[in-house]
Amino acid sequence: MDESKSIKLNNGLTMPKVGLGVWKSSNEETSNMVATAMENGYRLFDTAKQYGNEAAVGAGLTSGMQKTGLNRSDLFLTTKIFNGDQGNYDKLREAVNGQLKRLQTDYVDLLLLHWPVFDKYTESWRALEDIYHDGQAKAIGVCNFNVEHLTNLLDHARIKPMVNQIEFNPRIHQPDTVAFCQGNAIQLEAWSPLGNGQLLSEPVIKKIADDHDKSVAQVELRWELQQGFVVIPKSTHAERMRENMDVFNFTLTPDEMEAIAELDQEKHSIWYDKFKWSGNPDGVDDYIAKTNAF
Ligand code: A2P
């Protein structure tokens, strides 16, 4: 069976199922990574203002398009609204204009609220709806929203989010959020799909990988794809980029899916709890102070 390598969002926009994440990539390496990924078949690129590398992504997209002959319309670009830009309509819109300029484009394919900043995300969403209406984003969505955030957002929204990007890998499943998104046609996207590289010597997955003649990384991505997720693994290496894209020619059995699911510890990355936004305005201010340089 020829499996599609893309999905359709709830507004009809087509999104690739596998993309390149560039969180924690320096400016120096990012533009090269993006161009190299494009040459190796990647069309989806995921950045954020908070990563501090949007300009490098823009440069990488431009050089990648020159090298491959692809057009902007062949690509799917995601960026995210910085927490410090949330809550004030005009400030947010001005910030997005700056982000587009750095990315060297008139629009992004997907614009996400990076975190559910306490008391601010519904007002921020109003700005995103207008940005979508004005064509600066072909789809809009959120990241790190749980059921409570999503329910509150839907109570206020004119437009339903098209995507929720959450931390998801064999160690962290967030089942309530997943069920809510699946029940509401909100596409799930996994950040840190390889557990930030910490999950690559897990014996249970290694055995399954050997049985399929695949790598542990490929099995993890496959496990996420088979649950309907879009995945954005980060890699600086061309060889690994190719490996992470080569995940459409095997299928995990229900028993293998279950064996991997049993590795769940419902454990977020170590840093996540420090930045728990919901009901924690102090945490947000602290974070904004630290990252206001962007
Ligand atoms: P590198 O950038 O040196 O290739 P995540 O996307 O879950 O945050 O994981 C990213 C981490 O996993 C990075 O440290 C990356 O290292 C590593 N990585 C990405 N793809 C692979 C792969 N196919 N095999 C081994 N490590 C990988």
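That block above? That's the structure.
Attention here is on the structure that accompanies the text. Computed from a predicted model, the values in this text were never measured in an experiment. One numbering rule holds for all chains: residues counted from 1, following each sequence as written. Since the coordinates come from a predicted model, pLDDT governs what is reported: local features require at least 70, and pairs of side-chain atoms require 80 or more to be given and counted, while whole-chain, interface and lining totals use all residues. Hydrogens are left out, water is left out, and the side-chain values use all remaining heavy atoms of the structure.

Digging into the nonpolar core
Alright, step 1. Leu-9, Met-15, Leu-20, Phe-45 and Leu-111 are the most contacted members of the largest nonpolar core, which has 80 residues in total.
Alright, step 2. Elements are defined by DSSP. Helices are runs of H or I of four residues or more, strands are runs of E of two residues or more, and each kind is numbered from the N terminus. If you tally residues by element for this core, the top one is helix α8 (residues 216-225), at six residues.
Alright, step 3. The contact rule is simple, with two residues in contact once any of their heavy atoms fall within 4.5 Å. Residues within four places of Phe-45 in sequence aside, it is in contact with Leu-20, Val-34, Ala-37, Met-38, Leu-61, Leu-75, Phe-76, Leu-77 and Thr-78. Nonpolar core, defined: a set of buried Ala, Val, Leu, Ile, Met, Phe, Trp, Tyr and Cys residues in which side-chain atoms within 4.5 Å join the residues together. Partly exposed describes any residue whose relative accessible area lies between the buried limit of under 20% and the exposed limit of over 50%, with all areas from a 1.4 Å probe on protein chains only and scaled to the type maximum.

Section: the packing of aromatic side chains
Alright, step 1. For this analysis, a ring pair means two rings from Phe, Tyr or Trp (six-membered ring only for Trp) whose centres lie within 6.5 Å, classed as stacked if their planes differ by under 30 degrees, edge-to-face if by over 60, and tilted for the remaining angles. Tallying each qualifying case throughout the model produces four aromatic pairs.
Alright, step 2. Centroid distance Phe-168 to Trp-223: 5.5 Å. Interplanar angle 10°. Geometry classified as stacked. Residue Phe-168 is located in the loop between β8 (163-167) and α6 (175-183), and its partner Trp-223 is located in helix α8; the two are separated by 55 residues in the primary sequence. Trp-223 carries the same exposure label as Phe-168, and that label is buried.
Alright, step 3. Relative to Phe-229, the ring of Phe-168 lies with its centre 3.9 Å away and its plane at 10°, an arrangement referred to as stacked. Residue Phe-168 is found in the loop between β8 and α6, and its partner Phe-229 is found in the loop between α8 and β10 (230-231); the two are separated by 61 residues along the sequence. Of the two residues, Phe-168 and Phe-229, neither departs from the other in class, the shared state being buried.
Alright, step 4. An aromatic cluster of at least three residues, connected via ring pairs, comprises Phe-168, Trp-223 and Phe-229.
Alright, step 5. We call a charge positioned above a ring when the Lys NZ or Arg CZ atom is no farther than 6 Å from the ring centre and deviates by at most 35 degrees from the ring normal. The aromatic ring of Trp-23 is capped on one face by Lys-24, whose charged end is 4.4 Å from the ring centroid.
Alright, step 6. Above the plane of the ring of Phe-250 lies Arg-222, whose end atom (NZ or CZ) is 5.9 Å from the centre.

Observations regarding the side chain of Asn-144
Alright, step 1. The residue Asn-144 is located in the loop between β7 (140-143) and α5 (147-156) in this model.
Alright, step 2. Residue classification places Asn-144 among the buried positions, given a relative accessible area of 7%.
Alright, step 3. Distance and chemistry together define a polar contact, namely a pair of N or O atoms within 3.5 Å, with one atom able to donate a hydrogen and the other to accept it when in protein, and with adjacent residues in sequence counting only for side-chain atoms on both sides. Reaching out from Asn-144, the side chain makes a polar contact with the backbone oxygen of His-114 at a distance of 2.9 Å.

Observations concerning the state of the cysteines
Alright, step 1. Only a pair of cysteine sulfur atoms within 2.5 Å qualifies as a disulfide here. Counted according to the given criterion, the structure contains zero disulfides.
Alright, step 2. Not part of a disulfide, Cys-143 finds its nearest cysteine sulfur in Cys-181, a span of 11 Å.
Alright, step 3. The exposure class assigned to Cys-143 is buried, which follows from its relative accessible area of 1%.

A short note on the environment of Gly-12
Alright, step 1. Inspection of the secondary structure assignment puts Gly-12 in the loop between β1 (6-8) and β2 (14-16).
Alright, step 2. Take Gly-12: its relative accessible area is 39%, and that puts it in the partly exposed class.
Alright, step 3. For the pair formed by Gly-12 and Lys-160, sequence separation is 148 residues and the distance between their alpha carbons is 13 Å.

Some details on empty space enclosed by the protein
Empty space among the atoms becomes apparent when a probe as large as a water molecule is rolled across them.
Alright, step 1. Only protein atoms enter the 1 Å grid used here. Points where a 1.4 Å probe fits but cannot escape make up a cavity, open sets with protein on both sides within 12 Å along at least five of seven lines make up a pocket, and a residue lines them when an atom lies within 4 Å of a point. Grid points are joined across faces, edges and corners, and a volume is the space filled by probe spheres set on the points. Enumeration according to the criterion identifies one cavity of 30 Å³ or more in this entry.
Alright, step 2. Estimates place the volume of the largest cavity at around 30 Å³.
Alright, step 3. Lining the largest cavity are Gly-58, Leu-61, Thr-62, Met-65, Arg-72, Leu-75, Leu-103, Gln-104 and Thr-105.
Alright, step 4. Tallied by class, residues from the lining of the largest cavity come to four nonpolar, four polar and one charged. Residue polarity is assigned by list, with Asp, Glu, Lys and Arg as charged and Ala, Val, Leu, Ile, Met, Phe, Trp, Tyr, Cys and Pro as nonpolar; anything else, Gly included, falls into the polar class.

Digging into the site of the ligand
Alright, step 1. Taken together, 16 residues form the shell around the ligand, and within it Leu-194, Asn-196, Ser-235, Arg-240 and Asn-244 come nearest.
Alright, step 2. One of the backbone N or O atoms of Gly-197 is found 3.4 Å from an oxygen atom in the ligand.
Alright, step 3. For accessible areas, the Shrake-Rupley method is used with a probe of radius 1.4 Å. Any residue's cover is judged against the shown protein chains and nothing else. Taking 570 Å² as the accessible area of the ligand by itself, protein coverage stands at 84%.
Alright, step 4. Molecule-in-pocket calls rest on the fraction of atoms, with more than half required to lie within 2 Å of the cavity or pocket grid points. The pocket occupied by the ligand, as judged from atoms lying within 2 Å of grid points, is the largest pocket. When we say a residue is near a molecule or strand, we mean one of its heavy atoms is within 4 Å of it.

A few points about the pattern of salt bridges
Alright, step 1. A pair is scored as a salt bridge if a Lys or Arg side-chain nitrogen falls within 4 Å of a carboxyl oxygen belonging to Asp or Glu. Enumeration over the complete set of coordinates arrives at 15 salt bridges.
Alright, step 2. Residue Asp-46 pairs with Lys-80 through a salt bridge whose shortest N-O separation is 2.5 Å. Linking Asp-46 in strand β4 (residues 44-46) with Lys-80 in strand β5 (residues 76-81), this pair joins segments that are 34 residues apart in sequence. Just as Asp-46 is buried, Lys-80 falls in that class too.

Some points on the side chain of Glu-189
Alright, step 1. Residue position: Glu-189 is located in strand β9 (residues 187-191).
Alright, step 2. For the purpose of counting charges, residues Lys and Arg are taken to be positive, whereas Asp and Glu are taken to be negative. His and the chain ends are not included. One buried charged residue, Glu-189, remains without a salt bridge, the closest side chain of opposite sign being Lys-80 at 7.2 Å.
Alright, step 3. A polar side-chain atom of Glu-189 sits 3.1 Å from a polar atom in the side chain of Gln-165.
Alright, step 4. For Glu-189, the contacting residues outside a window of four places in its chain are Met-15, Leu-44, Asp-46, Leu-110, Leu-112, Val-163, Asn-164, Gln-165, Ile-166, Phe-229, Val-230 and Ile-232.

Side note on the packing of helix α7 (residues 203-212) against helix α10 (residues 254-261)
Alright, step 1. For every element, the axis is a line fit to its C-alpha atoms; helices are fit only across the contacting stretch, and the angle between N-to-C directions ranges from 0 to 180 degrees. Relative to each other, α7 and α10 sit at 155°, their axes nearing to 9 Å. For the element pair α7 / α10, the angle class is roughly antiparallel. Judged by the sense of rotation from one axis to the other, the crossing of α7 with α10 is left-handed. Seen from α7, the contacting residues are Val-204, Ile-205, Ile-208 and His-212; seen from α10, they are Glu-256, Ala-259 and Ile-260.
Alright, step 2. Here the residues of the contact of α7 with α10 sort into five nonpolar, one polar and one charged. Should an angle lie under 35 degrees it is considered roughly parallel, over 145 roughly antiparallel, and from 65 to 115 roughly perpendicular; all remaining angles are considered oblique. Two helices crossing with the near one rotated counterclockwise from the far one by less than a right angle form a left-handed crossing, whereas a clockwise rotation gives a right-handed crossing.

Worth remembering: the numbers are spatial, not functional.
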